[in-house]
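# Descriptive analysis of the structure
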Amino acid sequence: MKRVFTAILFLFFFFSLAEAQFNSLVIDSISNVLEKANGNDRAEPLIDLAKMYVYHDAEKGLQYAYEALQVAQKFHNEKAEAKALQELGIISYFQGNYENSRNYLNRALVIHIKRQDTFQIYSIYGNMGVYFYLNQENDSALFYFKKAMRYFIRTNKMIPLANSYNNVGLVYLDKKEYDNALYYYKKSLTIKEQNGDSAGIGHTLGNIGLIYLNQKNPTKAMEYINESFGIACREHDFKNAAISSRNIAQAFEILNKPDSAQQYYEYSMAFARYIKSIPEEMNTAEALAKFYEKNQLSDS
């Protein structure tokens, strides 16, 4: 009980500190712009706030995206309308509302095609790939990820390209094609390091760690996942913090360290609940249930 209380106490202070730091960063600047904006000018800062809250508080991000959509539609601002719909699609699949996500993304795609905004069209293709990936439709996910990837190669859009490489790696990891997954993750990581994309580096390091975790090499996995977890905490990327702490817990399970495993599962659940991420709560709850069942069986 003391160990559980210590873990909860740590997270309470961590979240309190993170909240203060988060609100003192770009959020205040965007909020100040929003306060001074009127009419159609409110759409863009609302979209920016929605983007900021995706990993921190999905419900709040959803509210900002909805408000941006209403403003854009009222003033017939198709560019902002498409961007708001795209953010609604992204936030919806983070919340586990996959059909809503696909609907929003399709509506955004129609507008981008009408406006002939090629970059945004291919960005939507990347988002559509995530939708199919989360629905375990790997062939469709790979089709859209590679479609976006080829465009970003042609146009030399490096950060979107890095994200596309990472997404292709995700599909190959899910297909247990570990050499292919590692190839794309390393390409992604190189670009992210060259461009100083700290949060992106954390995501890809965690994914590389997952390769070793799936290969039952927990020591090697921990090298990458611990670094990913540290970056997620520094960047206030609480979704990735939930994922990384759950993966650390699973590594501790393989190492036969159940106390440490349980502690990191508790961290994962706390992060997931903090950002109100139903999919991450469910993923951690499922892993915890298997953990408890395994340990009860081993004790009997």
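See the structure above.
Residues numbered from 1 in each chain as written. Predicted model: local features only at pLDDT ≥ 70, side-chain atom pairs only at ≥ 80, totals over all residues. Heavy atoms only, no water.

A few words on the environment of Ile 211. Within the secondary structure layout, Ile 211 lies in helix α11 (residues 198-214). Dropping the residues within four chain positions of it, Ile 211 is found in contact with Leu 173, Tyr 178, Ala 181, Leu 182 and Tyr 185. (Helix = DSSP H or I, 4+ residues; strand = E, 2+ residues; numbered from the N terminus. Contact = heavy atoms within 4.5 Å.)

Within a pair of aromatic rings, the relevant descriptors are the distance that separates the centres and the angle that separates the planes. Going through the model one piece at a time under the given rule, you end up with 23 aromatic pairs. Measuring from centroid to centroid gives 5.7 Å for Tyr 53 and Tyr 64, while their planes differ by 25°, and the two rings are stacked. Highlighted residues: Tyr 53 in helix α3 (residues 43-53) and Tyr 64 in helix α4 (residues 58-74), separated in sequence by eleven residues. Given the relative accessible area of 5%, Tyr 53 is considered buried. Ring geometry for Phe 238 versus Phe 271: centroids 6.0 Å apart, planes at 20°, classification stacked. Here Phe 238 is found in helix α13 (residues 238-254), whereas its partner Phe 271 is found in helix α14 (residues 258-274), with 33 residues between them in sequence. By the ring-pair criterion, three or more aromatic residues cluster together here, those being Phe 119, Tyr 122, Tyr 125, Tyr 131, Phe 132, Phe 143, Tyr 144, Tyr 151 and Phe 152. Over the ring of Phe 119 we find Lys 157, and its NZ or CZ is 5.6 Å from the ring centre. Its end group placed over the ring of Tyr 212, Lys 220 keeps NZ or CZ at 5.9 Å from the ring centre. (Phe/Tyr/Trp six-rings, centres within 6.5 Å; stacked < 30°, edge-to-face > 60°. Buried < 20%, exposed > 50% of the residue type's maximum accessible area, 1.4 Å probe, protein only. Lys NZ or Arg CZ within 6 Å of the ring centre and 35° of its normal.)

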